[in-house]
Amino acid sequence: MTYQYWDPQIEKMQRGDLEALQLQKLKTEIGYSLRTPFYKERLSKCGINSPDDIKTLNDLNRIPFTTKSDLRDGFPYGFLSIPKDDVIRLHSSSGTTGTPTVIYFNRDDIKNWASFMARCIYGTGCTKNDVFQNMITYGLFTGGLGFHQGGEEVGMLVIPAGAGNTARQFKMMQDYGTTVLHATPSFLLHLETKMKEAGVERESLSIKKAFGGAEPYSEDTRKRIETLLKVDVYNSYGLSEMNGPGVAFECQCKDGLHIWEDGYIAEIVNPDTLEPVKEGESGELVLTILCRETTPLLRYRTRDLTSFYTEPCACGRTHRKLRRITGRSDDMLIINGVNVFPSQIEEVIMAMKEVGNNYLIVVEKDGALDRLTVKTEVNANTFMDDSRLLNALKDKIKEMLKVSISINPKVELHESGSLPISEGKAVRVKDTRPKDI
Ligand code: AMP
Ligand code: ZN
C-alpha cells in the first residue's frame, strides 16, 4: 500500500526532532498561558514566570493538571490570552447546562485546527476529488465546523449536511455522488437500517469511506458498519477543549489513532494516583495543546481512558498511536454523540416540586441509536389517576430536559416510592448498551 501524507516532513519526523519541536512550542504556549488570569496565578505558584523557566519537556510535570471544573471556574474569560476584540470564534462542549466550557479562537488558531483536520482526512486516502457529506451537528459542537474546514482545506467538495434526516441524506448522496461520510458510529448504523426501509440500493451510492467519532465504539461495530455499508471506517478522536476533532485519527492501517504530537503533548496517567502509567498500560489521557494561542490549556485531564501502542506504525508516521477510547474516568454519558452528565438531569428534575424523591436514568439501544429514558417518581401529593395533569407534567419535564441537555428524552412518571432504592450508593444510571470494546 502507498500511504498518503499531508506533510511528510512533520508526520515522519524523527523522535528527537519531534520532541525538540514540542519543547519550542510548549515554551510558546507557556508565554500565552502567562497572559491568562488563570495560568498567571497558577504558574507563578510553581515558579514559572516566563517561558525560559521551561528548560526541558520534563518541566511540564511541575505544572498541576487542569480540569473541566477549572475551565468552568474560569468562565467566561479566565483562560483568554488575547484581547477579546481579536477573538473571531468560540465553541463550547456539547454538555450545555450550567456553566459551559468555552474555547476561543483567533484566525491562526482556526487555520491550525483546519490544517490538523486536513492532515487527518488526507491521511485516510481522501483527495480533492472526493465529495464529503458531513452528517454531524453544526453549531457550538465542534464536529461540524471542524470537519468542514478540514475537508475544504483538502479541497474536497464539502456538503454541510448536518445531522439527522436520513431520507434527505440519501437524496444528497445520490444527487452529488458523495464518496466520503462523517457521522457518529451510531448514526452510520442507523443509516444502514433506514437504507433498507427506504428501498435505497447500495449500488446507487458512491460512498467509499466514513469517519466515525464523537462517541466510543468497538472494533466489532466498525466491522459491522464496514460490512453493511461497504465503506472503510476510520476512527476520529477529539474533544472541544482541544479544538474538537483533529486530535488523533486513524491512518490507512486502521489500527490505532495517531495523536498529532506537534499539536499536543499526550500523557497517560492513573486516574486515581495521577502518576504516569507504565508503557503500554491503560489510563487517563492528559493533553497539553501546542497549536492554539487564544485559549491555552496545560495538562488537561480529558477523562478518556486509553493506552499508547508501543510498536511503530507500518505507515511510517512517527507520532504515537492511541488505542480506541474504552470509557471515561468520570460519569459522563455519551448519548448519540452528545455529552450528558447525570447531574444535569438531576438538577432539572429535582428543581420541580411535583417530582418525588427518586429517579432513574436509563440508556439503552433502540436499533442503532441510543435512547434515553428518565423515570421519575411524582410527589406523594400527586394523584396518579389524573392523566391530564400527569401528561402536562411529563411534557414540562421533557421540555426542560431538552433545553438543558439538548436531547429529547422519553419521560416516565412513577408513583411515589415505587422506583427501586439501592442499599448502598444510589444507582441513578442504568446503561444497558453493550460494552464490547
Ligand atoms: P465534545 O467535547 O463534545 O467534543 O466531546 C468529547 C468527548 O467525546 C471525548 O472526551 C470523548 O469522551 C468522546 N469521544 C470523541 N471521539 C471519540 C472516539 N473516537 N471514541 C470514543 N470517544 C470519543
Ligand atoms: Zn499509521
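Located above this text is the structure these notes cover.
Position labels on residues start from 1 in each chain and follow its written sequence. Starting at A for chains and at 1 for ligands, labels are handed out in the order in which the entities are written. For this predicted model, a pLDDT threshold of at least 70 governs which residues receive local features, and a threshold of 80 or more governs which side-chain atom pairs are given and counted, while totals over whole chains, interfaces and linings are taken from all residues. Side-chain metrics rest on all non-hydrogen atoms present in the structure, leaving aside hydrogens and water.

### Points about the packing of helix H8 (residues 185-198) against helix H9 (residues 219-229)
Right, on to step 1. Where H8 contacts H9, the axes come no closer than 10 Å and their chain directions differ by 30°. Between H8 and H9, the angle is such that the two are roughly parallel. Handedness of the H8/H9 crossing: left-handed. Contacts from Pro185, Leu188, Leu189, Glu192 and Met195 of H8 reach H9 at Thr221, Arg224, Ile225, Leu228 and Leu229.
Right, on to step 2. Along the lines of polarity and charge, the residues of the contact of H8 with H9 split into seven nonpolar, one polar and two charged. Think of each axis as a best-fit line through the C-alpha atoms, taken over the contacting stretch in the case of a helix, with angles from 0 to 180 degrees between the N-to-C directions. Helix and strand assignments come from DSSP, with helices taken as H or I runs of at least 4 residues and strands as E runs of at least 2, each series counted from the N terminus. In this scheme, roughly parallel covers angles under 35 degrees and roughly antiparallel covers those over 145, while 65 to 115 is roughly perpendicular and the rest are oblique. By definition, turning the near helix anticlockwise from the far helix through less than a right angle yields a left-handed crossing, and turning it clockwise yields a right-handed one. Contacts: residue pairs with any heavy atoms within 4.5 Å of one another. Charged means Asp, Glu, Lys or Arg here, nonpolar means Ala, Val, Leu, Ile, Met, Phe, Trp, Tyr, Cys or Pro, and polar covers whatever is left, Gly included.

### Section: the coordination of the zinc ion (ligand 2)
Six octahedral donors around a metal ideally subtend angles of 90 or 180 degrees, whereas four tetrahedral donors ideally subtend 109.5 degrees.
Right, on to step 1. Any N, O or S atom lying within 2.8 Å of the metal counts as a donor, with the limit raised to 3.2 Å for Na, K and Ca; because water is left out of the atom set, some sites can appear incomplete. Around the zinc ion (ligand 2), the protein contributes the donor atoms Cys251 (SG), His258 (NE2), Cys313 (SG) and Cys315 (SG), which lie 2.1 to 2.3 Å from the metal centre.
Right, on to step 2. A four-donor site is classed as tetrahedral when every donor-metal-donor angle falls between 85 and 135 degrees; four donors are called square planar, and six octahedral, when trans pairs exceed 155 degrees and all remaining angles lie between 65 and 115, with any other arrangement labelled irregular. If you look at the zinc ion (ligand 2), its four donor atoms make angles of 104 to 117° with each other, and the shape they trace is tetrahedral.
Right, on to step 3. The sequence pattern formed by the donor residues of the zinc ion (ligand 2) is C-x6-H-x54-C-x1-C. Remark: Cys313 occurs in the loop between strand S12 (300-306) and strand S13 (321-322) and His258 occurs in strand S9 (residues 257-259); sequence separation between them is 55 residues. Taken as a pair, His258 and Cys313 share a single burial class, namely buried. Burial classes follow relative accessibility: with a 1.4 Å probe on protein chains only, a residue under 20% of its type's maximum area counts as buried, one over 50% as exposed, and anything between as partly exposed.

### Description of the packing of aromatic side chains
Right, on to step 1. Side-chain rings of Phe, Tyr and Trp, where Trp is taken by its six-membered ring, are said to pair if the distance between their centres is within 6.5 Å; with planes under 30 degrees apart they count as stacked, over 60 as edge-to-face, and otherwise as tilted. Under the definition given, this model contains 13 aromatic pairs.
Right, on to step 2. Taken together, a centroid distance of 5.2 Å and an interplanar angle of 65° make the contact between Trp6 and Tyr122 edge-to-face. You can see Trp6 sitting in the segment before helix H1 (8-11) and its partner Tyr122 sitting in helix H5 (residues 107-122), a full 116 residues away along the chain.
Right, on to step 3. Using a relative accessible area of 23% as the deciding quantity, one classes Tyr122 as partly exposed.
Right, on to step 4. Ring centres of Phe147 and Phe249 lie 6.1 Å apart, and the angle between their planes is 50°; on these two criteria the pair is classed as tilted.

### Describing the sheet that holds S13
Right, on to step 1. Spatially, eight strands are ordered S4-S3-S5-S6-S7-S8-S9-S13 in an open sheet, and the strand pairing comes out mixed. Both outer strands of the open sheet, strand S4 (157-159) and S13, are each paired with one neighbouring strand and no more.
Right, on to step 2. Pairing between two strands is assigned when DSSP locates at least 2 bridges connecting them. Sheet analysis places strand S7 (residues 232-239) next to strand S8 (residues 244-250), joined by four bridges and oriented antiparallel. Across the sheet, the residue bridging to Gly238 is Pro245, located in S8.
Right, on to step 3. Across the sheet, H9 touches S7 and S8, and the angle it forms with S7 is around 135°.

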